[in-house]
Amino acid sequence: MSLKLPQSLVDRALEILGPRAMRDYPLGPMTTYRVGGQAAIFLKAEGLKDLANVSVALQETGLQVLVLGRGSNLLVADAGFPGIAVTLGPEYDTAVLDPAESLSLAIRAASEAEPGADRTVKAGGAAYLPVLARRCAAAGLGGLEWAVGIPGSVGGGVYMNAGGHGADVRSVIVGAEVYDLGTCEQLYLSSTELGLGYRCSALTQSQVVLCAVFSGHTADPDAARARIGEIVRWRRDHQPGGSNAGSVFVNPPGDAAGRLVEEAGLKGLRVGSAQVSVLHANFIQASQGGSADDVASLIGEIRRRVADRTGTELQLECRLVGDFLCSSGRE
Ligand code: FAD
């Protein structure tokens with residue numbers, strides 16, 4: 001029996017999705033926290049037909065959907081996700097530098113946003129940002145070096161407006177092709193229509209980023225590679241390795257969440273298998289074989305203690321998926 005769901009709904013969804021859809025599929029290993037339970041149903045979408053089938057399954061069964069990228073910003077509950085988790089397959093792990101078909105439109109839009117932009121890259125939703133950053137740098141396409149430090153996919157990066165080192169997706173994106181699982185429509189959304197803000201976008205949870213076009217500029221490959229090297233070194237020195245999902249909280253206006261957590265004396269604080277990193281107070285480390293509920297409890301504890309001490313209510317950057325036993329104080 002799948003995750004408290006009526007078996008008839010799960011069976012019907014599996015029938016619509018076809019034999020590649022899997023039931024009771026472990027999601028924890030698909031996230032960088034590496035904790036958490038199963039998805040009632042999991043599908044790696046190999047093309048638009050699969051996504052259209054997901055739309056039909058959602059409409060017929062009323063199940064929820066989770067679009068999963070590299071899982072580097074997700075905490076999945078130990079109880080799992082009671083719905084259909086869908087991720088983009090290798091067909092969407094692509095990167096075409098200076099694509100002819102979108103070049104003129106993209107460059108026009110890009111140079112309006114960023115004077116000097118003369119190159120573009122069209123990347124699939126499943127492309128891994130660090131690999132994209134390195135490929136662009138090696139080909140002398142500058143502007144995406146910052147993305148080497150973000151262990152997510154292009155789709156997750158757009159949804160979250162990921163960023164760092166003085167740039168973010170908003171500063172380089174021209175637009176994205178999106179498939180709406182709610183309406184079965186494929187849309188092109190411009191940078192403005194994507195509604196990108198600080199670690200957020202206007203995309204709904206049923207809109208799947210299929211690909212995105214980014215603008216850049218002609219750069220010396222050696223200089224771009226050197227910048228990448230600097231970023232990688234900075235990350236190694238300032239951020240922990242192991243099982244985590246990067247920053248747990250967004251920075252409150254004019255402040256840094258990590259600073260508030262550190263000042264509250266919470267570095268190293270542990271709840272069961274989860275611990276506030278001693279290297280960076282806005283990171284939580286999960287132990288091997290640990291539980292998502294411990295991570296969520298620790299999040300709740302940090303929020304309570306920081307609010308008591310400073311009056312600041314920390315807001316989550318990390319997305320919580322499914323039902324947790326404890327209170328994370330999730331908004
Ligand atoms: P997931 O974690 O899989 O999903 C995140 C959200 O995006 C979910 O809501 C999901 O539904 C949605 N999503 C995923 N794929 C798609 C798609 N194809 N279409 C539509 N929606 C989709 N983030 C930063 O911004 N800056 C940093 O400096 C940074 N540093 C990090 C360092 C470490 C060590 C780690 C582990 C994480 C870090 N992150 C950082 C967080 C994370 O890498 C980013 O938020 C990243 O953009 C998430 O991408 P993902 O593919 O892993 O998305």
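Our structure is the block above this text.
Residues numbered from 1 in each chain as written. Predicted model: local features only at pLDDT ≥ 70, side-chain atom pairs only at ≥ 80, totals over all residues. Heavy atoms only, no water.

Draft legend 1. Geometry of the sheet that holds strand β16 (residues 284-286). The antiparallel open sheet is built from three strands, whose spatial order is β14-β15-β16. Each having just a single partner strand, β14 (270-271) and β16 make up the two edges of the open sheet. In the sheet, strand β15 (residues 274-276) pairs with β16 via three bridges, with the strands oriented antiparallel. The residue bridging Gln275 from the neighbouring strand is Gln285, located in β16. Against the sheet, helix α9 (residues 292-310) makes contact with β14, β15 and β16, and its axis sits at roughly 35° relative to β15, the strand it touches most. (Pairing = 2+ DSSP bridges. Helix = DSSP H or I, 4+ residues; strand = E, 2+ residues; numbered from the N terminus. Contact = heavy atoms within 4.5 Å. Axes fitted to C-alpha atoms, helices over the stretch in contact; angles between N-to-C directions.)

Draft legend 2. Structural view of unusual backbone geometry. We note that Asp24 has phi near 50°; this positive angle belongs to a residue other than glycine. The phi dihedral of Cys184 is positive, around 60°, even though this residue is not glycine. Classification of Cys184 by relative accessible area gives partly exposed; the value is 35%. (Buried < 20%, exposed > 50% of the residue type's maximum accessible area, 1.4 Å probe, protein only.)

Draft legend 3. View of the packing of helix α4 (residues 129-138) against helix α7 (residues 221-238). The interhelical angle for the contact between α4 and α7, taken along N-to-C directions, is 150°, at an axis separation of 7 Å. Judged by the angle between their axes, α4 and α7 are roughly antiparallel. Of the residues in α7, those touching α4 at Ala133, Arg134, Ala137 and Ala138 are Pro221, Ala224, Arg225, Ile228 and Val232. Taken together, the residues that form the contact of α4 with α7 break down as seven nonpolar, no polar and two charged. (Parallel < 35°, antiparallel > 145°, perpendicular 65-115°, else oblique. Nonpolar A, V, L, I, M, F, W, Y, C, P; charged D, E, K, R; others polar.)

Draft legend 4. Summary view of the pattern of salt bridges. Within the structure shown, the criterion is met by 16 salt bridges. Across the salt bridge formed by Arg12 and Glu60, the nearest N and O atoms sit 2.7 Å from each other. Of this pair, Arg12 sits in helix α1 (residues 7-17) while Glu60 sits in helix α2 (residues 48-61), and the two are 48 residues apart along the sequence. Between Lys267 and Glu262 there is a salt bridge; the shortest N-O distance is 3.5 Å. You can call Glu262 partly exposed: its relative accessible area is 42%. (Salt bridge = Lys/Arg side-chain N within 4 Å of Asp/Glu carboxyl O.)

Draft legend 5. Focus on the side chain of Asn53. For Asn53, the location among the structural elements is in helix α2. Beyond its immediate chain neighbours, meaning those up to four positions away, Asn53 contacts Ile16 and Leu17.

Draft legend 6. The packing of α1 against α2, seen in detail. Between α1 and α2, whose axes approach to 9 Å, the crossing angle comes to 155°. Relative to α2, the element α1 is oriented roughly antiparallel. Here the hand of the crossing between α1 and α2 comes out right-handed. Only Asn53, Val54, Val56, Ala57, Glu60 and Thr61 of α2 make contact with α1, whose side of the interface consists of Leu9, Arg12, Ala13, Ile16 and Leu17. (Left-handed = near helix turned anticlockwise from the far one by under 90°.)

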